[in-house]
Amino acid sequence: MGNRFPARDRFADGAQFIDGRLRPGTSGRTHAVVDPATGRELFTYELAGPADVDAAVAAALAAYPGWAGATPGERSDALHRFAAVLAERATEFAEAESLQCGKPIKLSTEFDVPGTVDNAAFFAGAARHPEGASAGEYSADHTSYVRREPIGVVGSIAPWNYPLQMAAWKILPAVAAGNTIVLKPSELTPFTSLLFAQAAQEAGIPDGVINIVNGAGADAGEHLVGHPDVVMTSFTGSTAVGKRVAEIATATVKRLHLELGGKAPFLVFDDADLEAAVHGAVAGSLINTGQDCTAATRAYVQRPLYDAFVSAVAALMETVRLGDPFAPSTDMGPLISHAHRDRVAGIVERARGYARVVTGGSAPDGADLADGAYYLPTLVVDAAQDSEIVQSEIFGPVLVVLAFDSDDEGIRLANDTPYGLAASVWSRDVYRTGRATREIKAGCVWVNDHIPIISEMPHGGYKASGYGKDMSAYSFEEYTQVKHVMYDNTGAARKDWHRTIFGDRP
Ligand code: NAD
């Protein structure tokens with residue numbers, strides 16, 4: 001299997017990108033990046049510790065006045081150049097992403113990288129288009145207007161499932177709005193965030209505007225969230241860690257943006273196009289080996305279609321080709337690590353005690369994939385709504401199918417988890433889909449599809465999936481603050497309203 005990205009050469013100076021240069025971390029601890037497809041060690045680096053976070057925040061603070069003071073046009077030009085550099089380097093980005101995540105090269109090449117280039121182009125445009133209220137006389141004696149300003153130094157924390165896109169979603173709106181940033185990627189996947197920051201430098205974005213600290217969560221991560229010079233925390237990751245991040249950020253009164261876990265329902269009404277729903281369920285549940293916060297995880301199928309849906313999904317899952325992530329024909333790669341594969345397998349094993357595994361439910365046979373963290377596409381039925389496999393985020397290639405009778409019941413079950421990130425509804429009836437899209441509590445509801453995202457539209461959760469938006473103009477706004485400026489128009493030294501505080505009418 002291929003080792004297509006020469007990480008040891010590219011990051012020979014270290015895996016921290018602070019003030020425009022690579023350097024080693026100073027935590028005194030190292031981390032070995034392991035290829036999940038082979039179990040082979042790819043690259044060992046010195047993890048960032050608190051001192052590296054301090055250096056990165058200091059660099060971001062120093063760069064802030066210059067970057068915040070650049071005109072929207074200047075920031076936009078830099079982001080346009082950035083998009084062009086990313087597009088030129090598409091192959092390198094795709095290979096580095098596939099290597100560290102075990103992601104099929106066709107997914108990196110056709111989804112992760114072009115999505116990132118498009119995001120850069122989108123935020124190049126957004127930089128020139130800050131939204132604000134009109135200036136006006138809202139009191140007879142004053143003129144008011146709103147300034148939309150950057151916030152300062154942003155501290156962001158990202159997960160391992162889409163390291164490149166997560167770096168893009170965090171960094172691009174923040175810097176488009178004039179902020180500077182310190183991003184802590186997951187320590188498991190340091191490569192593409194570093195390449196991303198280097199590409200920004202090549203595009204002419206000044207040193208210190210984008211800094212990357214690759215360190216552990218409890219160490220570098222908590223230090224970044226609690227840092228007094230960081231004014232906003234933007235976190236994407238699990239709900240459990242998000243709660244911890246929220247505690248620390250709240251104690252230091254930071255603006256907080258949380259993109260947390262998901263358990264997306266996939267609601268199939270009895271008038272749906274069965275073939276479309278079956279293909280959508282397999283694609284939606286297996287994308288990125290199921291390690292996608294919006295992946296279809298719970299299919300609720302109205303009773304008349306239930307049996308046909310289960311057998312067709314199982315048959316289609318069995319055609320999915322597991323293999324070397326670098327082989328163009330590979331549909332599904334390994335999970336991110338052997339430990340995570342064992343966690344997913346554990347949930348399925350426990351489910352055997354109360355549900356039925358229709359297909360999958362184990363690592364694949366055969367010697368060629370034996371060293372990788374592979375797990376077969378897995379379909380589970382007959383689980384109760386309150387069971388672990390229906391309620392907990394699995395983050396693996398596992399779909400549970402349940403039956404429902406009335407539309408009321410289907411919508412109620414779809415809403416019946418703590419999460420609310422994404423959902424889909426499948427029907428040809430505009431009134432049914434209209435009702436379901438209104439009543440499902442999730443930040444995104446697809447109709448007759450599941451997964452597509454687009455730079456212009458917001459991504460973010462309801463309920464325990466967090467708050468705040470990535471991508472889109474809504475995300476740009478998250479990284480700005482609005483200031484009310486109010487001018488006295490009268491020139492009077494003794495103003496009428498002063499009498500409410502002292503004295504009488506002038
Ligand atoms: P995780 O919560 O374990 O880690 C996320 C990040 O937080 C990592 O960088 C990690 O090092 C850091 N971290 C861990 N402990 C920390 C602490 N105490 N303080 C500060 N930072 C800490 O999540 P993961 O396993 O990397 O990613 C999978 C999770 O991410 C899933 O729950 C998935 O749903 C979620 N996710 C959500 C979205 C979304 O947009 N809502 C997108 C992708 C992934």
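In short, a report on the structure. Keep in mind it's a predicted model, so treat the numbers as computed, not measured. Residues take numbers from 1 onward in each chain, read along the sequence in its written order. A pLDDT threshold of at least 70 governs which residues receive local features in this predicted model, and a stricter bar of 80 or more applies before side-chain atom pairs are shown or counted, although totals over entire chains, interfaces and linings include all residues. Here the side-chain values reflect all heavy atoms present in the structure, with hydrogen atoms and water set aside.

**Quick notes on the site of the ligand**
Item 1. Among the 28 residues in the neighbourhood of the ligand, the closest are listed as Ala158, Ser238, Leu260, Glu393 and His459.
Item 2. Any N or O atom pair separated by 3.5 Å or less is treated as a polar contact, with the protein-specific requirement of one donor-capable and one acceptor-capable atom, and with residues adjacent in sequence counted only for side-chain atom pairs. Residue Lys184 places a side-chain N or O atom 2.8 Å away from an oxygen atom belonging to the ligand.
Item 3. Note that an oxygen atom of the ligand is positioned 2.6 Å from one of the side-chain N or O atoms of Ser238.
Item 4. Each accessible area is a Shrake-Rupley estimate made with a 1.4 Å probe; only the visible protein chains count as cover when residues are assessed. Across the complex, the protein chains shield 89% of the 850 Å² of accessible surface that the ligand would expose by itself.
Item 5. Every element with two or more residues in the shell around the ligand is listed here: α8 (217-226), β10 (230-236) and α9 (239-251).
Item 6. Its residues assigned to classes, the shell around the ligand comprises 12 nonpolar, 10 polar and 6 charged.
Item 7. Throughout, the edges of the domains are those of an automatic or database domain assignment. A domain-level breakdown of the shell around the ligand finds at least three residues from each of domain 1 (16-133 + 144-260 + 465-484) and domain 2 (264-447). Near, as used in this document, describes a residue that has one of its heavy atoms within 4 Å of the molecule or strand being considered. Put simply, DSSP H or I for four residues or longer makes a helix, DSSP E for two residues or longer makes a strand, and each gets a number counted from the N terminus. Gly falls in the polar group here, along with every residue not listed as nonpolar (Ala, Val, Leu, Ile, Met, Phe, Trp, Tyr, Cys, Pro) or charged (Asp, Glu, Lys, Arg).

**Here's the deal with the packing of aromatic side chains**
Item 1. Pairs were defined over the aromatic rings of Phe, Tyr and Trp, the Trp ring being its six-membered one, requiring ring centres within 6.5 Å. Orientation was assigned from the angle between planes: stacked under 30 degrees, edge-to-face over 60, tilted for the rest. For the structure on display, the rule yields 14 aromatic pairs.
Item 2. Between Phe5 and Phe191, the aromatic rings sit 5.5 Å apart at their centres with planes inclined by 40 degrees, giving tilted as the arrangement. Placement of Phe5 in the segment before α1 (7-10) and of Phe191 in helix α7 (residues 191-202) is noted, with a sequence separation of 186 residues between them.
Item 3. Judged by relative accessible area, which is 2%, Phe5 ranks as buried. With a 1.4 Å probe rolled over the protein chains alone, any residue whose accessible area is under 20% of its type maximum counts as buried; one over 50% counts as exposed, and the rest are partly exposed.

**So, the sheet that holds strand β19 (residues 444-447)**
Item 1. We call two strands paired when DSSP finds no fewer than two bridges between them. If you trace the 7 strands from one edge of the open sheet to the other, you get β14-β15-β16-β13-β12-β18-β19, paired in mixed fashion. The open sheet is flanked by β14 (356-359) and β19, the only strands paired with a single partner. Across the sheet, the axes of successive neighbouring strands diverge by a mean angle of 25 degrees, strand direction being ignored.
Item 2. Examined bridge by bridge, strand β12 (residues 264-268) and strand β13 (residues 296-302) share 5 bridges and lie parallel to one another. Each residue of the ladder has a partner; that of Val268, found in β13, is Val301.
Item 3. Seen against the sheet, helix α14 (residues 407-414) touches β12, β13 and β16 (398-404) and runs at an angle of roughly 170 degrees to β13. Comment: axis = line fitted to C-alpha atoms, over the contacting stretch for helices; angle = value between 0 and 180 degrees taken between N-to-C directions. Should any heavy atoms of two residues lie within 4.5 Å, those residues are counted as being in contact.

**Concerning the pattern of salt bridges**
Pairs may arise between side chains of opposite charge once their charged atoms sit close together.
Item 1. The term salt bridge refers to a pairing of a side-chain nitrogen on Lys or Arg with a carboxyl oxygen on Asp or Glu at a separation within 4 Å. Evaluated as defined, the whole model comprises 26 salt bridges.
Item 2. Among the ionic pairs, Lys184 bridges to Glu187, the shortest N-O distance being 3.6 Å.
Item 3. Several salt bridges converge on common partners, so that one network encompasses Arg10, Arg89, Glu92 and Glu202.

**So, the sheet that holds strand β6 (residues 142-150)**
Item 1. Sheet architecture is open: 3 strands sit in the order β5-β6-β22, paired in antiparallel fashion. This sheet does not close on itself; its edge strands, each paired only once, are β5 (136-139) and β22 (480-488). Averaged over all neighbouring strand pairs, the angle between strand axes comes to 45 degrees, with direction disregarded.
Item 2. One ladder, built from 2 bridges, connects β5 with β6; its direction is antiparallel. Paired with Gly136 across the bridge in β6 is Ser144.

**A closer look at α14**
Item 1. By the burial criterion, the buried members of α14 are Asp407, Gly410, Ile411, Leu413 and Ala414. With its buried residues spanning 165 degrees around the axis, α14 presents them on a single face.
Item 2. Packed against the buried residues of α14 are β12, β13, β16 and α15 (430-439). Directions are taken from the helix axis to each C-beta atom, and the arc is the one they span.

**Structural notes on α8**
Item 1. Residues of α8 that are buried include every one of Ala220, Gly221, Leu224 and Val225, and no others. Buried residues along α8 cover an arc of 130 degrees about the axis, so they all sit on one side.
Item 2. Tucked inside the fold, the buried residues of α8 contact α2 (50-69), β7 (153-157), β8 (180-184), β10 and α9.

**Here's the deal with the pairing of strand β11 (residues 255-259)**
Item 1. In terms of burial, β11 is largely enclosed, as 4 of its 5 residues are buried.
Item 2. As paired strands, β10 and β11 are joined by 5 bridges and run parallel to one another. Bridge assignment links Thr236 to a residue of β11, and that residue is Glu259.
Item 3. Crossover handedness for the path β10 to α9 to β11: right-handed. A clockwise path from the first strand over the helix to the second, with the strands pointing away from the viewer, defines a right-handed crossover.

**What to know about the pairing of strand β15 (residues 378-381)**
Item 1. Because side chains alternate across β15, one face comprises the buried residues Thr378 and Val380, and the other comprises Leu379 and Val381, equally buried.
Item 2. Of the strand pairs in this sheet, β15 and β16 are connected by 4 bridges, and their pairing is parallel. Directly across from Val380, in β16, lies its bridge partner Val400.

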